[in-house]
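Examination of the molecular architecture
Residues per chain, in single letters:
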Amino acid sequence: MSGERPAQAQAQAPVIVLVGPMGVGKTTVGELLAERLGTGFRDSDADIVAAQGREIADIFVDNGEAHFRSLEREAVRLALAEHRGVLALGGGAVLDSGTRELLAGLPVVFLSMEVAEAARRVGLNTARPLLAVNPRQEWKRLMEARRHHYTEVARVVVTTDGRTPGEVADAVLDALELKHLPEAGPAADDAGAPGTHAKENPA
């Protein structure tokens, strides 16, 4: 689990940050949480797509993963600094040590999912840049390589297997003991921010 941040820094952070593997439903659950808390939703991957004017899969193909990770690192930094609502991060965002430091002490929720659930939910056969060959095996490999990073930054872990998005959202609120939006300034609801309604990207 992550360390503690000063109270002042936490007051200027998102009310919930969702991390977890591709296909776990961070966008769907995040939008539900934002609705229930009366705040905005933002997706760091959607911010990248909006800024670059192309899909993440295209960035991977045209410029490589290293370039995408650089874009991702900056997108996450900006989102953490600007957004006060619910924020979803791409599946590989936690690979960056600087990003993990920024997440320290924040209300980070690791949405977990086993490979059987991933196969049932998304089929592991869609166009995902890191799953081009043997999707089930690659998903499992990526998950195992990233699991300790998810656990490191998370305040709580919520299992999504066998649960509807609504049930997952309820579990997140219960785990964080969060039933309403804490006191915040006008910036708490920036529903118009980039990524508000974008679909979760798998990177």
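In this report, we go over the structure that sits alongside the text. (Residues numbered from 1 in each chain as written. Predicted model: local features only at pLDDT ≥ 70, side-chain atom pairs only at ≥ 80, totals over all residues. Heavy atoms only, no water.)

What follows concerns unusual backbone geometry. What is expected of a backbone is that most residues other than glycine have negative phi and most peptide bonds are trans. Phi is positive for Glu177, close to 50 degrees, though the residue is something other than glycine. Looking at the secondary structure, you find Glu177 in the segment after helix 9 (165-176). (Helix = DSSP H or I, 4+ residues; strand = E, 2+ residues; numbered from the N terminus.)

With that settled, consider the pairing of strand 4 (residues 108-112). Counted residue by residue, strand 4 has five buried out of five residues, so it is predominantly covered. Burial of strand 4 is two-sided: the residues Val108, Phe110 and Ser112 facing one way and the residues Val109 and Leu111 facing the other way are all buried. Two elements, strand 1 (residues 16-19) and strand 4, share three bridges in a ladder whose sense is parallel. Bridge pairing links Val17 to Val108 in strand 4. (Buried < 20%, exposed > 50% of the residue type's maximum accessible area, 1.4 Å probe, protein only. Pairing = 2+ DSSP bridges.)

A few words now on the environment of His149. With respect to the helices and strands, His149 occurs in helix 8 (residues 135-153). Accessibility expressed as a relative area gives 13% for His149, which makes it buried. Placed 52 residues apart in sequence, His149 and Ser97 show a C-alpha to C-alpha distance of 9.2 Å. Residues in contact with His149, not counting those within four places in the same chain, are Val94, Leu95 and Arg100. (Contact = heavy atoms within 4.5 Å.)

Let's shift gears to the sheet that holds strand 3 (residues 86-88). The strand order across the open sheet formed by five strands is 2-3-1-4-5, and the pairing between neighbours is parallel. A single partner strand is all that each edge strand has here, and the edge strands are strand 2 (41-43) and strand 5 (156-159). Strand after strand, the sheet turns through a mean of 25 degrees between neighbouring axes, direction not considered. Across the sheet, helix 2 (residues 26-37) touches strand 1, strand 2, strand 3 and strand 4, and the angle it forms with strand 1 is around 165 degrees. (Axes fitted to C-alpha atoms, helices over the stretch in contact; angles between N-to-C directions.)

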